[in-house]
Amino acid sequence: MKNIVVGAGISGAVVANLLAEKLSEEITVLEQRVHIAGNCFDYKEDGITVQKYGAHIFHTDNIEVWKFLRRYTDFNQYMHKVVAVIDGIHTTIPFSIPSIYSTFPPSLAQKLERKLLEKYTYGSKVPISDFLQQDDEDLRFLANFVYDKIFKDYTAKQWGVKVSELSSKVSSRVPVNISMDQRYFTDKYQGIPVNGYTEMIQRILDHKLISVKLNSCFSGDLKSELLKDSQKGLVRIFYTGSIDELLDYKYGVLPYRSLKFEFSKVNRDFYQENSVVNYPCNYDFTRIHEFKYFLSEQTPSTIIAKEYPIEYKLGENERYYPIDNHSNNSLYQRYKEHLQATFTNVFVLGRLGDYHYYDMDDSVEKALNLIHSI
Ligand code: UDP
């Protein structure tokens with residue numbers, strides 16, 4: 001059987017690789033952009049590995065995912081921390097015990113720490129929605145501070161909605177940490193591919209049975225012919241784009257959130273103190289990325305990107321984040337049911353195909369599972 005993979009991002013690359021390795025079948029990967037690697041794409045400029053679609057930090061607890069990727073790249077030992085500037089005060093998020101000490105005067109910080117440790121087990125990670133439920137006056141002050149300064153405005157910028165209107169799954173990605181751990185991720189395995197994500201994905205795709213076609217849209221006659229062939233059992237299609245596009249927007253456009261990056265070269269060693277600095281409650285951008293930190297690149301100048309969340313507009317900008325709410329999930333389900341009722345050899349996957357806020361390791365895991373199930 002022939003296989004078409006639509007999209008050369010991390011999901012498409014892993015599926016293509018497994019089809020070649022495990023089924024020894026031919027695969028054509030159609031990529032509409034001029035480069036592989038999807039939103040993980042990075043490139044070298046002035047000796048710095050720049051991540052075109054924003055900072056990606058690999059992290060996983062899944063040993064199978066880790067073992068799979070390690071066949072194609074080594075990872076450095078980078079453990080991600082995020083500095084947040086809150087009304088001029090520099091602290092770290094997720095908010096943790098050290099964040100309390102860098103934000104409040106010592107006497108107040110000591111009182112808050114003591115009360116937190118009386119209430120929570122050391123090491124707990126508390127979603128902000130639960131953290132707001134405090135009986136004690138001092139802890140209520142702390143919870144309101146964290147909510148107001150870290151979540152409220154960032155969420156309005158990032159999603160264009162109030163925290164209460166956002167799925168709690170999204171805000172609980174960044175819990176309050178009742179510990180000294182200042183890392184952004186606590187997964188067992190973390191790091192950045194030593195030669196970048198593009199090279200890692202290039203190597204995943206590097207197989208004699210895989211051919212990658214850049215600048216190739218899955219649309220028009222090609223799409224109709226391939227869908228007909230899939231009905232006849234001649235071809236399998238693995239589609240990592242958005243399901244509404246696959247089905248010609250027959251039920252309407254699925255909403256997403258998009259991003260705009262404002263890149264600058266700065267003629268000094270470092271621009272800021274950390275790879276990512278969040279501005280949760282100040283300015284219109286959410287964060288500033290400084291790329292040279294990720295691979296400890298020694299260069300005389302630096303490259304930064306300010307990240308501005310924007311509304312996704314079909315045909316005008318890129319899809320970055322599915323927006324998890326009841327009406328969008330129902331629209332997605334309607335498309336999925338139509339797909340399953342109409343086509344037999346068409347599989348959707350990835351952040352767009354599944355309309356799910358996957359991290360990179362989730363995408364690899366889903367792709368591994370999909371191919372094992374075939
Ligand atoms: N968040 C926030 N303030 C922050 C960081 C995150 O309110 O300083 C919330 C926000 O709603 C965001 C979510 O937590 O969309 C998830 O953050 P994460 O850093 O995981 O987002 P990503 O890196 O995937 O864009």
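Here the residue numbers are simple positions, counted from 1 along each chain's written sequence. The predicted nature of this model means local features are confined to residues of pLDDT at least 70 and side-chain atom pairs, given and counted, to a pLDDT of 80 or more, with totals for whole chains, interfaces and linings taken over all residues. Hydrogens and waters are ignored; side-chain quantities use all the structure's heavy atoms.

1. Concerning the pattern of salt bridges
When the charged atoms of two side chains with opposite charge come close together, those side chains can pair. Put simply, the rule is: Here a salt bridge means any side-chain nitrogen of Lys or Arg lying within 4 Å of a carboxyl oxygen belonging to Asp or Glu. For helices the rule is a DSSP run of H or I covering at least 4 residues; for strands it is a run of E covering at least 2, with both sets numbered from the N terminus onward. Classification of residues uses two cut-offs on accessible area relative to the type maximum, computed with a 1.4 Å probe and protein chains only: under 20% is buried, over 50% is exposed, and between them is partly exposed.
For the coordinates displayed, the defined rule picks out 22 salt bridges. Residue Arg33 pairs with Glu318 through a salt bridge whose shortest N-O separation is 2.8 Å. In this pair, Arg33 sits in the loop between strand E2 (27–30) and strand E3 (42–45) while Glu318 sits in the loop between strand E16 (302–311) and strand E17 (321–322), placing the two residues 285 residues apart along the sequence. With a relative accessible area of 33%, Glu318 lands in the partly exposed category. Between Glu245 and Arg319 there is a salt bridge whose closest N-O contact spans 3.1 Å. Pair noted here: Glu245 is in helix H10 (residues 243–246) and Arg319 is in the loop between E16 and E17, with a separation of 74 residues, a long-range link. Judged by relative accessible area, Arg319 falls into the buried class, the value being 12%. Sharing partners across several salt bridges, the network here consists of Lys111, Lys115, Asp136 and Asp138.

2. A short note on the site of the ligand
Heads up, the condition is: Whether a residue is near a molecule or strand is decided by its heavy atoms; if any one of them lies within 4 Å of it, the residue is near. A 3.5 Å cut-off defines polar contacts: any pair of N or O atoms within that distance qualifies, except that in protein one atom must be a possible hydrogen donor and the other a possible acceptor, and neighbouring residues in sequence count only when both atoms are side-chain atoms. To measure how exposed things are, a 1.4 Å probe is used in the Shrake-Rupley method; for residues, cover is taken only from the protein chains shown. In the scheme used here, Gly and all other residues not listed as nonpolar or charged are polar, with Ala, Val, Leu, Ile, Met, Phe, Trp, Tyr, Cys and Pro taken as nonpolar and Asp, Glu, Lys and Arg as charged.
Within the structure, the ligand sits among 16 residues, and Trp159, Arg173, Tyr184, Tyr321 and Tyr357 are positioned closest to it. At 2.8 Å from an oxygen atom of the ligand is found a side-chain nitrogen or oxygen belonging to Trp159. Contact between the ligand and Arg173: an oxygen atom at 2.8 Å from a side-chain N or O atom of the residue. Protein coverage of the free-state accessible area of the ligand, which is 530 Å², stands at 93%. The dominant element in the shell around the ligand, judged by the number of residues it contributes, is helix H6 (residues 137–159), at six residues. Residues of the shell around the ligand, tallied by class, amount to 11 nonpolar, three polar and two charged.

3. Description of the sheet that holds strand E15 (residues 287–290)
Here is the rule we go by: If DSSP finds at least two bridges between two strands, the strands pair. Any pair of residues with heavy atoms lying within 4.5 Å of one another is described as a contacting pair. Axes here mean lines fitted to C-alpha atoms, for a helix over just the part in contact, with angles spanning 0 to 180 degrees between N-to-C directions.
Strand order in the open sheet made by the seven strands is E7-E6-E14-E15-E16-E13-E17, with mixed pairing throughout. Lying at the two open borders of the sheet, with one neighbouring strand each, are strand E7 (89–93) and E17. Note: strand E13 (residues 256–266) against E17, two bridges, orientation antiparallel. Along E17, the bridge assignment pairs Tyr256 with Pro322. Sitting on the sheet, H6 touches strand E6 (82–86), E7, E13, strand E14 (276–278), E15, E16 and E17, and the angle it makes with E13 is about 100°.

4. Notes on the sheet that holds strand E11 (residues 210–213)
Ordered by their spatial adjacency, five strands build an open sheet running E11-E2-E1-E12-E18, and the pairing between neighbours is parallel. Edge positions in the sheet fall to E11 and strand E18 (346–348), since each has one partner strand and no second. Each adjacent strand pair in this sheet contributes to an overall mean axis angle of 15°, direction not counted. With four bridges connecting them, strand E1 (residues 2–6) and E2 associate as parallel partners. In the sheet register, Val5 faces E2, and the bridge partner there is Val29.

5. Remarks on the packing of aromatic side chains
As a reminder of what qualifies: Two rings from Phe, Tyr or Trp (for Trp, the six-membered ring) form a pair when their centres sit within 6.5 Å of each other. Planes less than 30 degrees apart are called stacked, planes more than 60 degrees apart edge-to-face, and all others tilted.
As enumerated under the stated definition, the model contains 30 aromatic pairs in all. Centroid distance Phe270 to Tyr293: 5.0 Å. Interplanar angle 35°. Geometry classified as tilted. Note that Phe270 is positioned in the loop between E13 and E14 and Tyr293 in the loop between E15 and E16, a separation of 23 residues in sequence. An aromatic cluster is present here, built from Tyr53, Phe261, Phe263, Phe291 and Tyr320 joined pairwise through their rings.

6. Overview of the side chain of His56
If you trace the backbone, His56 turns up in the loop between strand E4 (48–51) and strand E5 (58–60). Assessed through its relative accessible area of 15%, His56 is described here as buried. A distance of 3.1 Å separates a polar atom in the side chain of His56 from the backbone oxygen of Asn39. Apart from residues lying up to four places away in sequence, His56 is in contact with Asn39, Cys40, Gln51, Ile192, Tyr197 and Met360.

7. Some words on the packing of helix H2 (residues 63–70) against helix H13 (residues 360–373)
Applicable threshold: Each angle gets one of four labels, with under 35 degrees taken as roughly parallel, over 145 as roughly antiparallel, 65 to 115 as roughly perpendicular, and the rest as oblique.
Packing of H2 against H13 leaves a shortest axis separation of 9 Å and a crossing angle of 90°. Judged on the interaxial angle alone, H13 and H2 are roughly perpendicular. On H13, the residues that touch Glu64, Val65, Phe68 and Leu69 of H2 are Asp361, Val364, Glu365 and Leu368. Of the residues belonging to the contact of H2 with H13, the class tally is five nonpolar, no polar and three charged.

8. Considering a nonpolar patch on the surface
Where we set the bar: In this analysis, a patch consists of residues with relative accessible area above 30% that form no salt bridge, clustered at 9 Å for like charges and at 5 Å for the nonpolar side chains Val, Leu, Ile, Met, Phe, Trp and Tyr.
Residues Leu117, Tyr122 and Met180 make up a contiguous nonpolar surface patch of roughly 320 Å² in combined accessible area. Examined against the element boundaries, Leu117 turns out to sit in helix H4 (residues 106–119). Its relative accessible area of 37% is what places Leu117 among the partly exposed residues.

9. Section: the nonpolar core
We count it as follows: Side-chain atoms within 4.5 Å link the members of a nonpolar core, which is a set of buried Ala, Val, Leu, Ile, Met, Phe, Trp, Tyr and Cys residues.
With 110 residues, the main nonpolar core has Phe68, Leu69, Phe131, Leu142, Ile201 and Leu205 as its most contacted residues. Beyond its immediate chain neighbours, meaning those up to four positions away, Leu142 contacts Phe95, Ile100, Phe104, Leu112, Leu116 and Phe131. The next biggest cluster of nonpolar side chains, apart from the first, holds nine residues, and it includes Val83, Phe285, Ile288 and Ile304.

10. As for H4
Put simply, the rule is: Any helix carries an expected span of 1.5 Å times its number of residues minus one. Directions pointing from the helix axis toward each C-beta atom define the arc.
Compared with an ideal rise of 1.5 Å per residue, which puts 14 residues at 20 Å, H4 spans 20 Å between its outermost C-alpha atoms and is within 8% of the ideal. Those residues of H4 that fall on the buried side of the exposure criterion are Ala109, Leu112, Lys115 and Leu116. Looking straight down H4, one finds that the buried residues subtend no more than 135° of arc, so they occupy a single side. Summarising the geometry of H4, the exposed residues directed more than 90 degrees from the buried face are Pro106, Ser107 and Glu118. Where H4 is buried, its residues touch helix H3 (97–103), helix H5 (128–131) and H6.

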